[in-house]
Protein chains: 2
Amino acid sequence: MSFVTALECSRCPATFSPESPHRLCSKCQSPLLVRYALDRVAAIPVRERLAKRPPTLWRYRELLPVVAPEKIVSLGEGMTPLLKLRIRRKEGAVSELWLKEESGNPTGSFKARGLSVAVTMAASFGLRRLCVPSAGNAGGALAAYAARGGLESYIFIPKDAPEANIVECRLAGTYVEAVDGSIADASRVMAQRGAGRDWFDVSTLMEPYRIEGKKTLGYEIAEQLGWRLPDVILYPTGGGTGLIGMWKAFQEMESMGWVGKRLPKMVAVQSEGCAPIVEAFDRGSRHASPWSDPRTLAAGIRVPRPLGDFLILRALRQSGGTAVAVSEESIEDAIVEVAEKEGLLMCPEGAACWAAFRELLQTGWIQPDAVVVLFNTAAGHK
Amino acid sequence: MSFVTALECSRCPATFSPESPHRLCSKCQSPLLVRYALDRVAAIPVRERLAKRPPTLWRYRELLPVVAPEKIVSLGEGMTPLLKLRIRRKEGAVSELWLKEESGNPTGSFKARGLSVAVTMAASFGLRRLCVPSAGNAGGALAAYAARGGLESYIFIPKDAPEANIVECRLAGTYVEAVDGSIADASRVMAQRGAGRDWFDVSTLMEPYRIEGKKTLGYEIAEQLGWRLPDVILYPTGGGTGLIGMWKAFQEMESMGWVGKRLPKMVAVQSEGCAPIVEAFDRGSRHASPWSDPRTLAAGIRVPRPLGDFLILRALRQSGGTAVAVSEESIEDAIVEVAEKEGLLMCPEGAACWAAFRELLQTGWIQPDAVVVLFNTAAGHK
């Protein structure tokens, strides 16, 4: 039984039926958000039932778009470890430092979450051909879930993306095209190739369901901390679906009375080589300006013009958070430091989070008594 | 509270105290097995309590060597997905085909299980320096768990092991030496370098706790299938700890009345390029002869002389199982086939399992009404 009530535009008052596939708001071209009858969900003892469900993101099924359970396209995504880190003691200290370790997801990255839900919904609507431009891991995840669900996929990826991403797409038998430039260029090429074809675009925020998969990060953190929320969450921000999704999850949980009124401060972490959100946050703007010549080792956050810029910036401001750009050098240093001290092989995006944490601790923005959650979004091997 | 009663030699009647560190049996140089007061565990409603515990292998704590929970060296290992595969329909059929997908473990491989438990126990005994020869993934896992636990590690790895394994060891700040030849050569070099030093060897079966970590594979499969056991389990077999461990787990579960009397048939899968267990099984021998010039793409099963050969062969025979060597070509074909049809990027060892499954289905050794479990032991990216 579904608790979904409507698809709601994130900017204008338009709403749409969840019974058919949608992309952006047809009135103002903004992303759509899935709304639920939260009062009805709140009346069910969902939290008590969770313990008996398998450790995947589908355990939060009352808060996900529902299809028949046997139609779910799953590779076992979600319910990744929340690990307590200890290195903080040497760095000054916070009272609790946690790492949401996403590398154990299928295809080795957090992208599995959004694409499991998006592919499931696309398949349930009878769509057969999905496409995406990807900085790397999203392409690999789409290729895998499309293959698992028996759908075709068409993936456009920057030529200099990590080789592992291109190989995993090719192996899954998908159409994959390596494009000169960044994800924005990949997106342009995809638009050309797909013109007149029945490809359904599952890009970040271009359809409403990837964000629903990503929001489970917020539910998992809350469940894993015993329905207590952290004070600060640092998130490596490219397209920002995870940040937007977690903020949505925290608001849903507050509305259902699952958590208290004090929600976490959300922090967007970017690289100095591609920091459109940081720049917009600092100048108090509602929108980000496109970043020219984006360069960073952290391919996943090399997103010069995120479609959900205003949603990211809104979440940062509503939550009392901030945005931080770290140097490329500090990313490289962080990879070595975390591997040596914690045995964790971070991806560059995760290492950026660690570097930002150190910076915010030094400036005093993060208080010593804070409970902090960092993210490692993908396997360091990739 | 610990339910461990003794360390028992796997060959002679000797027993040893679990209160101090041990390596092989001091009388006959065979591996030691951890024994529990299973009657006392059986009197507790452990299975009913499992649902409320976090999804790591430490959920089976009554059946693991106990240390204080805060001393456990964990990166969130275990409770990996058991995925239902569908490709079987095109290949003839079995009634259920499952894949135990181990790539989501910390460090991207099933080696995390044994090393989480072995490093936890070593640390609890006050050992500070651990060493291991590794075909690849075990080295990466030891490096990570040692770093996480604040211990030193010394790792010896064949020069032609996957580069990802060597890099992950170096990043964790461990001592890593790349050696000409196979894991047997790495082992010889380690013996030279370690002579006169206080290194504790956590090689496969050289201490009793890695097998305890690996046996949780058996508990998880049973829990995930609702305490029903599969008919056949195919396992890519190098050192064979997982196969020996699962067989131990099934016997423990039978003894506690958690499952019925009919245990799974265990199948050891090897490559034609290194098949000492298959050769010994076929000629009815209790021991394997060392395989000369071992060659296979599947580095994890390139083990020319497994220490636990007689334990592997015993498990195959007691269970009514068998041993199969597959061609290198069939391994490569299987990687592509499974990626295309299921969206799963298998490691070569996992692909070997798939190839062996097809072969045993064709020869009729696996019946169409069987419930079968295959293994993917590590991330294909590595």
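Here, every reference points to the structure presented above.
First things first, this report covers the structure right here in the doc. (Residues numbered from 1 in each chain as written. Chains lettered and ligands numbered in written order. Predicted model: local features only at pLDDT ≥ 70, side-chain atom pairs only at ≥ 80, totals over all residues. Heavy atoms only, no water.)

**With respect to the overall build of chain A**
Assigned secondary structure in chain A consists of 12 helices and 13 strands. For chain A, whose C-alpha radius of gyration is 19 Å, the value lies close to the compact-globule estimate of 21 Å for 382 residues. Dimensions of chain A, computed from the C-alpha atoms along their principal axes, are close to 55 × 50 × 40 Å. Counting over 382 residues, chain A shows a buried share of 65%. Look at the contacts in chain A between residues 6 or more apart in sequence, and 69% of them connect residues 24 or more apart. Carbon together with sulfur atoms contributes 49% to the accessible area of chain A, which is approximately 13,600 Å² in total. (Helix = DSSP H or I, 4+ residues; strand = E, 2+ residues; numbered from the N terminus. Rg over C-alpha atoms; globule rule 2.2 N^0.38 Å. Buried < 20%, exposed > 50% of the residue type's maximum accessible area, 1.4 Å probe, protein only. Contact = heavy atoms within 4.5 Å. Areas by Shrake-Rupley, 256 points an atom, 1.4 Å probe, with all protein chains shown as cover.)

**Quick notes on the side chain of A:Thr204**
Residue and element names in this part refer to chain A. Structurally, the position occupied by Thr204 is in the loop between strand S9 (200–201) and helix H7 (210–224). Among the polar contacts made by the side chain of Thr204, one reaches the side chain of Arg210 at a distance of 3.4 Å. Filtering out sequence-adjacent residues up to four positions away, Thr204 remains in contact with Arg210, Gly239, Thr241 and Leu307. (Polar contact = N/O pair within 3.5 Å; in protein donor to acceptor, adjacent residues only side chain to side chain.)

**Points about the nonpolar core**
Formed by 131 residues in total, the largest nonpolar core has its most connected members in B:Leu234, B:Leu316, B:Phe357, B:Ile366, B:Val372 and B:Leu374. Per element, the largest residue contribution to this core is nine residues, and it comes from helix H12 (residues 348–362) of chain B. With sequence-adjacent residues up to four places away left out, B:Leu234 is seen in contact with B:Val267, B:Val269, B:Cys353, B:Ala356, B:Phe357, B:Leu360, B:Ile366, B:Val372, B:Val373, B:Leu374 and B:Phe375. If you look at the next biggest cluster of nonpolar residues, it comprises 125 residues, including A:Tyr60, A:Ile233, A:Val269 and A:Val373. (Core = buried A, V, L, I, M, F, W, Y, C linked by side-chain atoms within 4.5 Å.)

**Things to note about the interface of chain A and chain B**
In this complex, chain A contributes 35 residues to the contact, which on the side of chain B involves 35 residues. Considering only the surface of chain A that becomes buried against chain B, A:Arg148, A:Leu171 and A:His381 emerge as the three largest contributors, covering 27% of it. Between chain A and chain B we count two salt bridges in total. Put simply, A:Glu342 and B:Arg148 hold a salt bridge, and the shortest N to O gap is 2.6 Å. Counting every contact that joins chain A to chain B gives six residue pairs in polar contact (both at pLDDT 80 or more). Counting residues per element, the side of chain A that touches chain B draws most heavily on helix H11 (residues 328–342) of chain A, which supplies six residues. (Buried area = accessible area lost by both parts, 1.4 Å probe. Salt bridge = Lys/Arg side-chain N within 4 Å of Asp/Glu carboxyl O.)

**Looking at helix H10 (residues 309–318) of chain B**
All names here are of chain B. Counting buried residues along H10, seven of its 10 residues qualify, which places the element largely inside the surrounding structure. Looking at the buried positions of H10, the neighbouring elements they touch are helix H8 (241–255), strand S11 (265–271), helix H9 (276–282) and strand S12 (322–326). Of the residues trailing H10, Gly320 is marked for its positive phi of about 75°.

**Overview of the packing of helix H3 (residues 111–124) of chain B against helix H7 (residues 210–224) of chain B**
All names here are of chain B. Here H3 crosses H7 at 130°, and the two axes come no closer than 6 Å. When the axis of H3 is compared with that of H7, the two are oblique. Our pair here, H3 against H7, has a crossing hand that is right-handed. Contacts from Lys111, Arg113, Gly114, Leu115, Val117 and Ala118 in H3 reach Arg210, Glu212, Gly213, Lys214, Thr216, Leu217 and Glu220 in H7. (Axes fitted to C-alpha atoms, helices over the stretch in contact; angles between N-to-C directions. Parallel < 35°, antiparallel > 145°, perpendicular 65-115°, else oblique. Left-handed = near helix turned anticlockwise from the far one by under 90°.)

**Describing the sheet that holds strand S6 (residues 129–133) of chain B**
Residues and elements named next belong to chain B. Overall, parallel pairing links the four strands, which are arranged S8-S7-S6-S9 in an open sheet. With one partner strand each, in any of the chains shown, strand S8 (175–179) and strand S9 (200–201) form the two edges of the open sheet. As defined by bridge partners, S6 adjoins S9 across two bridges and the pair is classed as parallel. Each bridged residue has a counterpart across the sheet, and for Cys131 the counterpart in S9 is Asp201. (Pairing = 2+ DSSP bridges.)

**Concerning unusual backbone geometry**
In this structure, A:Trp227 is a non-glycine residue whose phi angle is positive, near 65°. Tracing the chain through its elements places A:Trp227 in the loop between H7 and strand S10 (232–236). Its identity is not glycine, yet B:Gln29 carries a phi of approximately 60°, on the positive side. Within the fold, B:Gln29 resides in the loop between strand S2 (15–16) and strand S3 (32–36). For B:Gln29, a relative accessible area of 49% puts it in the partly exposed group.

**Some thoughts on the relation of the copies chain A and chain B**
Once turned by 180° and shifted 0.0 Å along the axis, chain A lies on chain B with an RMSD of 0.0 Å. Interpreted geometrically, this transformation is the action of a two-fold axis. Across chain A, the rotation axis passes nearest the C-alpha of A:Gly104, at a separation of 1.9 Å. In this assembly the copies share their binding face: 100% of the residues contributing to the interface of chain A also contribute to that of chain B. (Least-squares fit on C-alpha atoms with pLDDT ≥ 70 in both.)

**Looking at empty space enclosed by the protein**
With the rule as written, the count across this model stands at five cavities of 30 Å³ or more. Together, 43 residues line the largest cavity, and A:Ser103, A:Gly108, A:Ala379, B:Ser103 and B:Ala379 are the ones closest to its centre. For the lining of the largest cavity, the secondary-structure elements that each account for two or more residues are helix H4 (137–149) of chain A together with helix H4 (137–149) and helix H5 (163–171) of chain B. Grouping the amino acids of the lining of the largest cavity by side-chain chemistry returns 20 nonpolar, 18 polar and five charged. (1 Å grid on protein atoms, 1.4 Å probe; cavity = no way out; pocket = protein on both sides within 12 Å on 5 of 7 lines; lining within 4 Å. Points joined across faces, edges and corners; volume = space filled by probe spheres on them. Nonpolar A, V, L, I, M, F, W, Y, C, P; charged D, E, K, R; others polar.)

**Some thoughts on the pattern of salt bridges**
Evaluated as defined, the whole model comprises 50 salt bridges over all chains. Taking the shortest distance from any N to any O, the salt bridge between A:Glu220 and A:Arg113 comes out at 2.8 Å. Remark: A:Arg113 occurs in helix H3 (residues 111–124) and A:Glu220 occurs in helix H7; sequence separation between them is 107 residues. An identical accessibility class is assigned to A:Glu220 and A:Arg113; each is buried. For the salt bridge of B:Arg113 with B:Glu102, the shortest nitrogen-to-oxygen distance reads 2.6 Å. Of this pair, B:Arg113 sits in helix H3 while B:Glu102 sits in the loop between strand S5 (96–101) and H3, placing them 11 residues apart in sequence. Shared partners join several salt bridges into a network, and the residues in it are A:Lys100, A:Glu102, A:Arg113 and A:Glu220.

**Describing the pairing of S11(B)**
Residue and element names in this part refer to chain B. Counted residue by residue, S11 has six buried out of seven residues, so it is predominantly covered. Examined bridge by bridge, strand S10 (residues 232–236) and S11 share five bridges and lie parallel to one another. Residue Ile233 lies in a different strand from S11, and its bridge partner there is Met266. The parallel pair S10 and S11, bridged by H8, forms a crossover whose chirality is right-handed. Summarising the sheet, S11 and S12 pair through five bridges and their orientation is parallel. In the strand pairing of S12, Val269 is matched with Val324. (Right-handed = clockwise from strand over helix to strand, strands pointing away.)

**Quick look at the sheet that holds strand S2 (residues 15–16) of chain A**
Residues and elements named next belong to chain A. If you walk across this open sheet you meet the three strands as S2-S1-S3, and the pairing is antiparallel. Of all the strands in the sheet, just S2 and strand S3 (32–36) have a single pairing partner and so form its edges. Relative to S2, strand S1 (residues 4–9) runs antiparallel, the two being bridged by two bridges. Bridged to Leu7 within S2 is Phe16.

The quantities given are spatial measurements derived from coordinates; they are silent on function.
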